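# Per-entry structural report
Letter by letter, the chains look like this.
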Amino acid sequence: QVQLVESGGGLVQAGGSLRLSCAASLRTFSRANMGWFRQAPGKEREFVAGVMWSGSLYYADSVKGRFTISRDNGKSTVFLQMNSLQPEDTAVYYCAARVASTVLPAFQSHDMDYWGKGTLVTVSS
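Residues numbered from 1 in each chain as written. Predicted model: local features only at pLDDT ≥ 70, side-chain atom pairs only at ≥ 80, totals over all residues. Heavy atoms only, no water.

It is worth spelling out the packing of aromatic side chains at this point. If you walk through the whole model with that rule in mind, you get five aromatic pairs. Note on F37 and F47: the rings are 5.7 Å apart at their centroids and 70° apart in plane angle, and the pair reads as edge-to-face. Of the two residues, F37 is situated in strand β4 (residues 33-39) and F47 in strand β5 (residues 46-51); the sequence distance between them amounts to 10 residues. Taken together, a centroid distance of 6.5 Å and an interplanar angle of 80° make the contact between Y94 and W115 edge-to-face. Of this pair, Y94 sits in strand β9 (residues 91-98) while W115 is found in strand β10 (residues 114-115), placing the two residues 21 residues apart along the sequence. A relative accessible area of 16% means that Y94 is categorised as buried. On the basis of relative accessibility, which here comes to 25%, the residue W115 falls in the partly exposed class. Among the aromatic residues, those joined into a cluster by ring pairs are F37, F47, Y58, Y94, F107 and W115. In this structure, R45 packs its charged tip against the face of W115, placed 3.8 Å from the ring centre. (Phe/Tyr/Trp six-rings, centres within 6.5 Å; stacked < 30°, edge-to-face > 60°. Helix = DSSP H or I, 4+ residues; strand = E, 2+ residues; numbered from the N terminus. Buried < 20%, exposed > 50% of the residue type's maximum accessible area, 1.4 Å probe, protein only. Lys NZ or Arg CZ within 6 Å of the ring centre and 35° of its normal.)

What follows is the structure in structure tokens.
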């Protein structure tokens, strides 16, 4: 049973920072591509950032320069450092894993095999 458990969400003022963590119970974590997605109220879920098993990084344009994704294979954990947060970053943030066909980058929602339950990030103005 694969589990992805997010933590680190909360309430922060605009301009502030948060660090999200996602602990994965995934034996093949080091070979998985990991991603962060978010869903704001009334909007569809969207890609935020991804890290491939190789270490290659991908970001949505809206977060480039502000968010940093990283992974610790020894701890089977992926992180999302979020700086300069803005009210439009308010959303539930989800961690996801892709364990099959990981050679090429694929970070659409339908590409991911496992999902966490999400953690809420609220940015006040």
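Moving on from the model shown.
So, on to the pairing of strand β3 (residues 18-24). Both faces of the sheet carry side chains from a regular strand, because those side chains alternate between them. Burial analysis of β3 places five of its seven residues in the buried class, which makes it a mostly covered element. Relative to β3, strand β1 (residues 4-7) runs antiparallel, the two sharing four bridges. Bridge pairing in β3 links V5 to A23. Pairing of β3 with strand β8 (residues 77-82) involves six bridges; the strand directions are antiparallel. Residue pairing for β8: L20 is matched across the bridge by L80. (Pairing = 2+ DSSP bridges.)

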